[in-house]
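Here is how the chains run, residue by residue.
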Amino acid sequence: MMSEEFDNFFRDRINASQTEVSEDVWKALESHLIKENKKRRFPFGYWYVPVAAVFLISLYPGIHFLTTDGENAATVKSQRSNTLTPAEEINTDVATIQAPASQPFAPVVSPAKQTGIPAPKKHSTQHTVSYHGSDISENSVQQFIQPGDQELSVYNRISVTELPLVSTAANHLPTAVIHPIIGCPANNSHYEPSLFIEGYVAPAYTIRSLSGGSADFRYRKDSAEKQMFSFGAGIRLSKRLSNHMLIKGGVEYLETREKFRLQREDGIRITTVVTVKNVNGVNVYDTISVQETQYRTTHTTNTYRSVSLPVIASYETGNENWRAAFSGGVILNVFSKASGYTLDTAYKAVSMSDNSNGIYKTGVGFSLYGSFALYKNILPYTEVFAEPYFQYQLSNLTTDKAGFNQKMHHLGINLGIRYNLGNLRQRND
Amino acid sequence: MTEKEIIQGCIEGDIQTQRLLFNTFAPKMMSVCLRYIGNRSEAEDVLQDGFILVFRHIEKFKFNGSFEGWIRRIMVNTALKFLQSKKVNFVEIDAVQATFIHGEPSVLSELNTEELMKMIDALPDGYKIVFNLYVIEGYSHNEIAKLIHISPGTSRSQLIKARRLLQKQITERQKLAV
């Protein structure tokens, strides 16, 4: 019988074979699957549900805070309209006036006659005044003042019939808020951008810290695992809180790679050679024994992936072209996954992807973050930045049952772009 | 229920559908596990671990090939991983010309699957793994080399030895039958 026929005979008979399975296997599997199915529905565990709820609830005021131009909104005081006289038509065209520094966005009504500038062709525009929650829209007053300008160009057209709305009615209504239609970048030091988005990539060097376990284990683990590099990317929103202080929050991804190489004894072969010599009719036995040890080497590239939420406070200073910032904060690791092989305390190469080994956590905890950044303005609204940083991990990557503690600290540089979202904030000079 | 519906139910984590899938494939896969791991209790552990992986990664099945083949590969890999934790000797032998003894077809046909399984199980671990991977699963020597970290030459020599031992067992049966 040829080897092919022989193989086919076995394949045909064996391939379709079935063996009865004990019911206990399904019972054990079922209890495991119930847990897995729950995990599938709630991939981050139940405790994330209230955290996520709090996060989502807190998002609303956060978004409101970030998107409302509270500080840019100008407040119209009723007394500002007292100079207007009902039933008196005022043709107002280009007028140059001195704006009060404390109320740069306040609508200003100025008689053009005072300026002496010839009146160009009349025009009127639409403007919306938000007033105690309701909008008063009239084809009456057009006021658009470039923020930050000391010398303001005002285009006004106020008709006689509409004046009471501004003057007398305003006396009864203490506060009206005008939302600026367009937020322009500050052209002097009194206004500065207040909301940015930053995107960056981050090559990093990883410093591994091992503790716990025996000294011999730590030595062997260090020998078996060589750090290669880390690479990250992220996106952050930053909001200016004062002239120099910013708060930043976002999400970032970090991937660390290491080489794992472990040589293990895999078997011993002993070869004994017995040589018989006949010397003068006497048999002489010469025995030589050779022992060969076989080794098996495991080579893998291990990967540690994580998704984190940075919350960072930053002190920033500089001019329009160059800015420098010192930052510090915490980074909450929400998800991490290790894959590849690692050495366990029994000196065996075990899979890190297999959760049953239970060596590495899937959510690590907190890290401390410190950085220095340089920003260079390259285009309107756009800056590039380089931000060397150090990230110190507070929580262990490993679980309690791993038998050792492992942390990974990162020394890297964020290289990215910061884009000014157009919101402006008045400086507190 | 179609195969696609079963897979979809398992992706959604429906325990009844998972039971259905288990009942459908477990007997065949138990047979696969037993071929690699002779001990029934250990084979059941491997079967359980294999099915955990099947359910965990079932959404990765792309319908490109046979679903049973996909499950079988997971079982084989799980069994190999289990065996890796044990010391399995792959002793290098010199190139041996296999001498196949001509067995009577009647003797072969008398052998049932259980007896064949027993014969395979009686092989040394290294021979058994290579024989199963090459002959039953259809892996090439290069693929086997990568799977169990041996050289393709070692895989070939293990297969030759395995065939010779199986032939020897069949011949002994033949003699007994006479």
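Heads up: the structure comes first, above all this text.
Along each chain, the written sequence defines residue order, and numbers are assigned to residues from 1. The order in which chains are written sets their letters, starting at A; the order in which ligands are written sets their numbers, starting at 1. Where totals are concerned, whole chains, interfaces and linings use all residues; where local detail is concerned, this predicted model gives features only for residues with pLDDT of at least 70, and gives and counts side-chain atom pairs only at 80 or more.

Visitor: What am I meant to see in the interface of chain B and chain A here?
Guide: It is common to give the size of an interface as the accessible area lost on bringing the parts into contact. Two residues qualify as being in contact provided that their C-beta atoms, derived from the backbone, are within 7 Å of each other. Taken residue by residue, the interface counts 34 residues in chain B and 34 residues in chain A. Secondary structure is summarised from DSSP: a helix means a run of H or I of at least four residues, a strand means a run of E of at least two, and numbering begins at the N terminus for each. Counting residues per element, the ones that place at least two in the side of chain B that touches chain A are α2 (15-36), α3 (40-56), α6 (113-121) and α7 (125-136) of chain B. Broken down by element, the residue count for the side of chain B that touches chain A peaks at 10 residues, all from α2(B). For the side of chain B that touches chain A, the class distribution of residues is 18 nonpolar, 10 polar and six charged. All amino acids are sorted into three groups, where Ala, Val, Leu, Ile, Met, Phe, Trp, Tyr, Cys and Pro are nonpolar, Asp, Glu, Lys and Arg are charged, and the leftover types, Gly among them, are polar.

Visitor: Please clarify how the environment of A:S339 should be interpreted in this entry.
Guide: Residue and element names in this part refer to chain A. Following the sequence through the fold, S339 ends up in strand β12 (residues 322-339). In this structure S339 comes out as partly exposed when scored by C-beta crowding, with 15 C-beta atoms within 10 Å. In this structure, the C-alpha to C-alpha distance between S339 and R257, residues 82 residues apart in sequence, is 9.7 Å. Sequence-distant contacts of S339, defined by excluding residues within four places in its chain, comprise N302, T303, M352 and S353. Here the C-beta atoms are placed from the backbone, and a residue counts as buried if at least 20 other C-beta atoms lie within 10 Å of its own, exposed if 12 or fewer do, and partly exposed otherwise.

Visitor: Just checking my understanding: could you explain the nonpolar core for this structure?
Guide: Nonpolar side chains in soluble globular proteins tend to be buried together. Each nonpolar core reported here comprises buried Ala, Val, Leu, Ile, Met, Phe, Trp, Tyr and Cys residues connected via C-beta atoms within 7 Å. Ranked by internal contacts, the top residues of the largest apolar core, which has 49 residues, are B:M29, B:C33, B:L47, B:V130 and B:F131. Elements represented by at least two residues in this core include exactly α2 (23-41) of chain A together with α2, α3, α4 (67-84), α6, α7, α8 (141-148) and α9 (152-177) of chain B. Counting residues per element, this core draws most heavily on α2(B), which supplies 10 residues. With sequence-adjacent residues up to four places away left out, B:L47 is seen in contact with A:V21, A:V25, B:A26, B:M29, B:M30 and B:C33. Judged by nonpolar contacts, the second largest core, of 12 residues, contains A:Y304, A:Y360, A:L397 and A:M408.

Visitor: What's the story with unusual backbone geometry in this structure? I'm lost.
Guide: Excluding glycine, a negative phi dihedral is what most residues carry, and trans is how most peptide bonds are arranged. Residues and elements named next belong to chain B. Even without being glycine, F63 reaches a positive phi, approximately 60°. Looking at the element boundaries, F63 is found in the loop between α3 and α4. Not every positive phi belongs to a glycine, and H149 is a case in point at roughly 55°. Mapped onto the fold, H149 is located in the loop between α8 and α9. C-beta crowding within 10 Å serves as the criterion here: with 16 such atoms nearby, H149 is assigned to the partly exposed category.

Visitor: Help me out: how do you make sense of the pairing of strand β15 (residues 365-379) of chain A in this one?
Guide: Regular strands place side chains that alternate from one sheet face to the opposite one. All names here are of chain A. Pairing between two strands is assigned when DSSP locates at least 2 bridges connecting them. Relative to β15, β12 is paired through 12 bridges, and the arrangement is antiparallel. Each residue of the ladder has a partner; that of W322, found in β15, is K376. Judged from the 10 bridges that link them, β15 and strand β16 (residues 382-393) form a sheet pairing that is antiparallel. The partner of Y369 across the bridge, within β16, is Q391. Taking the residues between adjacent antiparallel strands as the criterion, β15 and β16 are bridged by two residues, where Y381 takes a positive phi near 75°.

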